[in-house]
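If you want the building blocks of each chain, they are given just below.
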Amino acid sequence: MVKKSPYELMQLAVDIVNSSEHPSNKVAAVISGRDSGGEGFNLAHTNFWPETIIGKIGIDKRIGDTSGTIHAETACIIKSPGTEGAVICVTDPVCPNCAKNIVEAGISEVYIDHKGFDKDFVNRRREYFQTMSLHICKKAGVPVYKIWRKDRRIEALIGFGETEEFRTEKNFYINSNFTCLDSLASLQMVQRKEDFAIAIGEKDNEIVALIAESGLVYGLDNNKRFPRIKNDESKYNYIIEPLSKPTFLPLTPL
Ligand SMILES: [Zn+2]
């Protein structure tokens, strides 16, 4: 497959953005990367409501303090055959939750369409993007660019030189020959303080258990203070929940 430029990739997102089911906030993203066999792929997706949410909760209800939609960039990560080193292009600035998913998934570069910065919704959420999303990407070493497709122009919001190389241990591990009951028993014994999730599945023809704990998003240092915004509605934080960890993606369910 011929590798596409960020301009061409962004066009793939723009091409499908109006197919989003969202009545007012239509967003699309494209992920370009390699699958486990080294084969290149481009995958485009809009924001969407999962079928189970539509069927059991409905699209008008809020879940906690958020809507039930999966954001476009997270949809790309979930549906992608491989995320490590992939590039993501999004029509709108990323929210802090998607920024967390992006860095946990090992995405190498993020491009955001310049038009996404003009929308009303973004103006209301701009501070979250500037203060939290960019901080998360910077600390994880993920450059973020603003892109003008038609003018073929790119501006670094965080450039390669500005990203920090700080890398923390990812808080998950793979253990073969490990049953779910064993996992639960050992977890109870150590009395973990953080939330955790376990998935049992198949990887490379082996049964494995993956355990993910909630914790600071990849790249953030426990001993440092993180930027907060004024009048924070506490909608976002710097913790990644166990079930949001893309750790579980390589597993084939049993
Ligand atoms: Zn988001």
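Position numbers for residues count from 1 along each chain, tracking the sequence in the order it is written. Note on the predicted model: pLDDT of at least 70 is required for a residue's local features to be given, and 80 or more for side-chain atom pairs to be given and counted; whole-chain, interface and lining totals, by contrast, use all residues. Excluding hydrogens and water, the side-chain figures rest on all heavy atoms present in the structure.

Trainee: I'd like a rundown of the coordination of the zinc ion, residues and numbers included.
Mentor: Distances define the donors: N, O and S atoms within 2.8 Å of the metal qualify, as do those within 3.2 Å of Na, K or Ca. Water is excluded, so some sites may look unfinished. Summarising the metal site, the zinc ion is bound by the protein donors His 71 (ND1), Cys 95 (SG) and Cys 98 (SG), whose distances to it range over 2.0 to 2.3 Å. Positions of the donor residues of the zinc ion along the chain correspond to the pattern H-x23-C-x2-C. Here the residue His 71 occupies a position in the loop between strand S4 (66-67) and helix H3 (72-79), and Cys 98 occupies one in helix H4 (residues 96-104), the gap between them amounting to 27 residues. A 1.4 Å probe rolled over the protein chains alone gives each residue an accessible area, and that area as a share of the maximum for its type sets the label: buried under 20%, exposed over 50%, partly exposed in between. Under the relative-accessibility criterion, His 71 is labelled partly exposed at 31%. Segments assigned H or I by DSSP are reported as helices when at least four residues long, segments assigned E as strands when at least two residues long, and all are numbered from the N terminus.

Trainee: Give a detailed account of the environment of Glu 8, specifying residues and quantitative values.
Mentor: If you trace the backbone, Glu 8 turns up in helix H1 (residues 6-16). Glu 8 sits 141 residues away from Arg 149 along the chain, and the two C-alpha atoms are 7.9 Å apart.

Trainee: Account for the packing of aromatic side chains, naming residues and giving values.
Mentor: Paired rings are identified among Phe, Tyr and Trp, the last through its six-membered ring, by centres lying within 6.5 Å, and are further divided according to the angle between planes into stacked (under 30 degrees), edge-to-face (over 60) and tilted (the rest). All told, the structure shown has four aromatic pairs when counted by the stated rule. Pairing Phe 117 with Phe 129 gives two aromatic rings, centres 5.7 Å apart and planes at 75 degrees, and the pair type is edge-to-face. In this pair, Phe 117 sits in the loop between strand S6 (109-113) and helix H5 (120-140) while Phe 129 sits in helix H5, placing the two residues 12 residues apart along the sequence. Residue classification places Phe 129 among the buried residues on the basis of a relative accessible area of 4%. Ring centres of Tyr 128 and Tyr 236 lie 5.0 Å apart, and the angle between their planes is 65 degrees; this geometry places the pair in the edge-to-face category. One end of the pair, Tyr 128, is in helix H5; the other, Tyr 236, is in the loop between strand S12 (215-216) and strand S13 (239-240), and 108 residues separate them in sequence. Take Tyr 236: its relative accessible area is 6%, and that puts it in the buried class. Above the plane of the ring of Phe 117 lies Lys 146, whose end atom (NZ or CZ) is 4.6 Å from the centre. Over a ring means this: the NZ of a Lys or the CZ of an Arg is within 6 Å of the ring centre and within 35 degrees of the ring normal. The ring of Trp 148 has Arg 153 sitting right over it, with the charged end atom 3.8 Å from the ring centre.

Trainee: Tell me about the confidence of the model for the protein chain, and name the residues and values.
Mentor: Low-pLDDT portions of the prediction should not be read for the details of their coordinates. Values of pLDDT, ranging from 0 to 100, describe the predictor's confidence in every residue of the model. With 79% of its residues at a pLDDT of at least 70, the protein chain reaches an overall mean of 82. Note on contacts: a residue pair is in contact if any heavy atoms of the two residues lie within 4.5 Å. The low-confidence segment residues 166-177, where pLDDT is below 50, has 34 contacts with residues more than four positions distant or belonging to other chains.

Trainee: Requested: an account of H1, with residues and values cited.
Mentor: Of the positions making up H1, those classed as buried are Pro 6, Tyr 7, Leu 9, Met 10 and Ala 13. Along the axis of H1, the buried positions cluster into a sector of 160 degrees, meaning they face one direction only. Each C-beta atom gives one direction from the helix axis, and the arc is the one those directions make.

Trainee: Can you lay out the environment of Gly 219 for me, pointing to particular residues and giving the numbers?
Mentor: Inspection of the secondary structure assignment puts Gly 219 in the loop between S12 and S13. Spatially, the C-alpha atom of Gly 219 lies 4.4 Å from that of Ala 140, the residues being 79 residues apart in sequence.

Trainee: Mind laying out the pairing of strand S7 (residues 144-148), listing which residues take part and the relevant values?
Mentor: Of all five residues making up S7, five are buried, and the element is well covered by its neighbours. By the alternation rule, side chains of S7 split into Val 144, Lys 146 and Trp 148 and Tyr 145 and Ile 147, which are all buried. Note that S6 and S7 share four bridges and pair parallel. Pairing of Val 110 across the sheet is with Val 144, part of S7. Seen with its strands pointing away from the viewer, a crossover is right-handed if its path from the first strand over the helix to the second goes clockwise. Considered for its hand, the β-α-β crossover made up of S6, H5 and S7 is right-handed. Here the rule is simple: two strands pair whenever DSSP picks up at least two bridges between them. Relative to strand S8 (residues 153-158), S7 runs antiparallel, the two being bridged by five bridges. In the sheet register, Val 144 faces S8, and the bridge partner there is Ile 158. With antiparallel pairing between neighbouring strands as the criterion, S7 and S8 make up a hairpin whose turn holds four residues, including Arg 152 at a positive phi of roughly 50 degrees.

Trainee: Can you break down the pattern of salt bridges residue by residue, with the values?
Mentor: By salt bridge we mean one thing: a side-chain nitrogen of Lys or Arg within 4 Å of a carboxyl oxygen of Asp or Glu. Taken as a whole and judged by the stated rule, the model has two salt bridges. Asp 92 serves as the salt-bridge partner of Lys 119, at 3.0 Å between the closest nitrogen and oxygen. Within this pair, whereas Lys 119 is found in the loop between S6 and H5, its partner Asp 92 is found in the loop between strand S5 (87-90) and H4, the two being separated by 27 residues in sequence. With a relative accessible area of 31%, Lys 119 lands in the partly exposed category.

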